[in-house]
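# An overview of the molecular structure
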Amino acid sequence: RRPTTKETPLADHELPGPALVPFIGRIHDLPIDYMWLKFKQWADTYGPIYRTEMLGAKFIIISDEKIAEELLVKRAKIYSDRPVIRSLFDSKSTHGSMEYLPLMGKNQYWARQRKFTHAYLTEATNAQYHGLMYHEVKRWLWRLLQNPDDFAFSLEDMASKVMVTLTWDDPTLSEYCTKSAWGLLTQMSPAGPITNVLTPLWHLPEFMNPWKIAEHKRHDEQQHWWMERLITTRQKMARHEQRPCFTRTFLENSKSTRISGDYEASSVIGMMALVGIFTVAGPLYYFLVSMVHHPDWMKKCQEEVDLVCGDRLPVLDDYPNLPILRACIKETMRWKPNVPTGVAHEVEADDFYRGYFIQKGTRILPLDWAFLRNPTKYPDPENYRPERWLESGWPTYQEPLTVHPTIKGMSSFGWGQRQCLGMSLTQDELLVACGALAWAFTLKKKVDPKTGLEIDVPLDKSNSLLIVKPDPFQMAFEPRSEAKTQRIIEMWEEADSQDQKDREAFLQVAKMINKEKEIRELER
Ligand code: HEM
């Protein structure tokens, strides 16, 4: 564990790590792009737990799951805070802004919003999302038929529509919500504004600080939109026109929650809508990439779905019978993790671990890229091998196959008290969406009409934000048969028409109630 190179002289209790330059630490050769690869490279030199520094901020990078477990789970009491994100105002909510649950410090707002979010998402999961995932997946298949080249938009829009329908029962909000999520994701990522890395720049006075000016605008617009959603819901409720959704549930029960009022409620609900978009879109994109590169597994998924579902789309109750599909989804998330650096925790008190000193305020980075490329747990880690989840003899094989493989509990969802609250939603949406893709299409490389050659789908090109997605690429969605093409069209037309009827019927009832109310008031 102790490094031997001359460049890392150690104080007695100091962790190994790359040589540090006074004041700047080690940022000069840490690339902003694909930062996780450099962290992994250092891990290969300095071991599964090492330290580095950036402009005075201390970091510990962990690349062994056991160590992450020992620190972030077993010692969660002092390892569950978050570091400040420089380019957001009050990201930790130390001063009561109460806006971004996943970024909050370990304070009272975090505790009550975590509870709230957990309760709402669990209710939705138990109700199988009131059927809305099936609805949105039908829309997506139909859109893929109509405009396959626009798949990136329709993929993200599906994930967004699921979230905005859960939160406000209004799928038309999806495009704006996706933009808003992108704005926040960029602002909070080290690869976003330069002020997240060269942090002193953030402290320039606002009149000469373009980053603060831009962030004020972004923040205020987002906050205004969240509040508008809450107020609109309340107004619709007063006219009996609001169908069930998270915001309505909150407004009906606001007296019995610990959420402090409209501002906090609009934020916790708005944040829930945002956080479920790019997180789910990432594995969906990479499922496409994985299938295009592995036609043999594509075929196995199709055969399994055909056998289990026949001429209907997969539903959540099919889960136990779709182990191959689940293995392909889980292996996608292992092979191409979409939060590859992991999300940092901050230590709240001085501590010792294996004789090493960990200072209060240190940021702990559980490096998911490294966990998922551990050759002992995942032999042949660089390759896509779904069989590691399906065949005994692989270290990750687990029975029964009606339950395993499951993505729940994967290292990608984080650790201890801060572990992700969206595991079930992610699992369910991926099963329904990837199952539907396998039912409907053969996912293939696109052929260039000019050259007749296949267009490559790159494996290692992505952005470098905290939640990554592949750079734009081209591919083909080949309908599996004329009958399926027809079925996709019929299914969407039926679902869409039923949805419109349901909405109209609800408004009709509202009209009657309002009319009766008016009459009663006139009689009084
Ligand atoms: C593939 C999909 C997803 C991945 C990989 C993912 C990953 C993560 C990670 C790494 C964290 C931080 C954990 C830690 O600090 O140790 C997190 C937190 C969180 N996630 Fe997810 N997530 C996903 C989907 C979702 C979805 C769909 C939702 C909700 C709709 C969600 C809601 C949250 C929330 C609210 C937190 C904050 C928890 C806290 O700070 O206490 N996530 N997620």
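Because the structure is predicted, anything quoted here is derived from the model rather than measured. Every chain's residues receive numbers from 1 upward, in the order its sequence appears when written. Whole-chain, interface and lining totals are the exception, using all residues; otherwise, since this is a predicted model, local features are given only for residues with pLDDT of at least 70 and side-chain atom pairs are given and counted only at 80 or more.

## Remarks on the UniProt feature "binding site: heme" (unreviewed entry) in the chain
UniProt positions are given in the numbering used here, feature names are shortened, and annotations may be inferred rather than shown by experiment. UniProt feature "binding site: heme" (unreviewed entry): in the numbering of this structure it lies at Cys420. Put simply, DSSP marks the helices as runs of H or I at least four residues long and the strands as runs of E at least two long, and each gets a number from the N terminus on. Mapping Cys420 onto the fold places it in the loop between α12 (368–371) and α13 (423–440). According to the C-beta neighbour criterion, Cys420 is partly exposed, with 19 such atoms within 10 Å. For every residue, the other C-beta atoms within 10 Å of its own C-beta are counted; 20 or more classify it as buried, 12 or fewer as exposed, and values in between as partly exposed. C-beta atoms are placed from the backbone.

## A look at the packing of helix α9 (residues 262–293) against α13
Here, axes are lines fitted to C-alpha atoms. For helices the fit covers the stretch in contact, and angles between N-to-C directions go from 0 to 180 degrees. Contact pair α9 / α13: the axes reach a minimum separation of 10 Å and the direction vectors enclose 40 degrees. Classified by the angle their axes make, α9 and α13 are oblique. Crossing angle aside, the handedness with which α9 passes α13 is right-handed. Counted together, Gly276, Thr279, Val280, Pro283, Leu284 and Phe287 of α9 and Leu425, Thr426, Glu429, Leu430, Ala433 and Cys434 of α13 form the full contact between these two elements. Three categories are distinguished: nonpolar for Ala, Val, Leu, Ile, Met, Phe, Trp, Tyr, Cys and Pro, charged for Asp, Glu, Lys and Arg, and polar for the others, with Gly belonging to the last. Split into classes, the residues belonging to the contact of α9 with α13 amount to eight nonpolar, three polar and one charged. For classification, angles of less than 35 degrees are called roughly parallel, those exceeding 145 degrees roughly antiparallel, those between 65 and 115 degrees roughly perpendicular, and all remaining angles oblique. By definition, turning the near helix anticlockwise from the far helix through less than a right angle yields a left-handed crossing, and turning it clockwise yields a right-handed one. Throughout, a residue-residue contact means that the two C-beta atoms, derived from backbone geometry, are no farther apart than 7 Å.

## Comments concerning the domain arrangement of the chain
Residue ranges labeled as domains rest on an automatic or database domain assignment. Assigned domains of the chain: these are domain 1 (1–95 + 339–371) and domain 2 (98–337 + 372–523). Of the residues lining the interface, 34 residues belong to domain 1; the matching set on domain 2 comes to 38 residues. For the side of domain 1 that touches domain 2, the secondary structure elements donating two or more residues are α2 (65–73) and α12. Taken together, the residues of the side of domain 1 that touches domain 2 sort by class into 20 nonpolar, six polar and eight charged.

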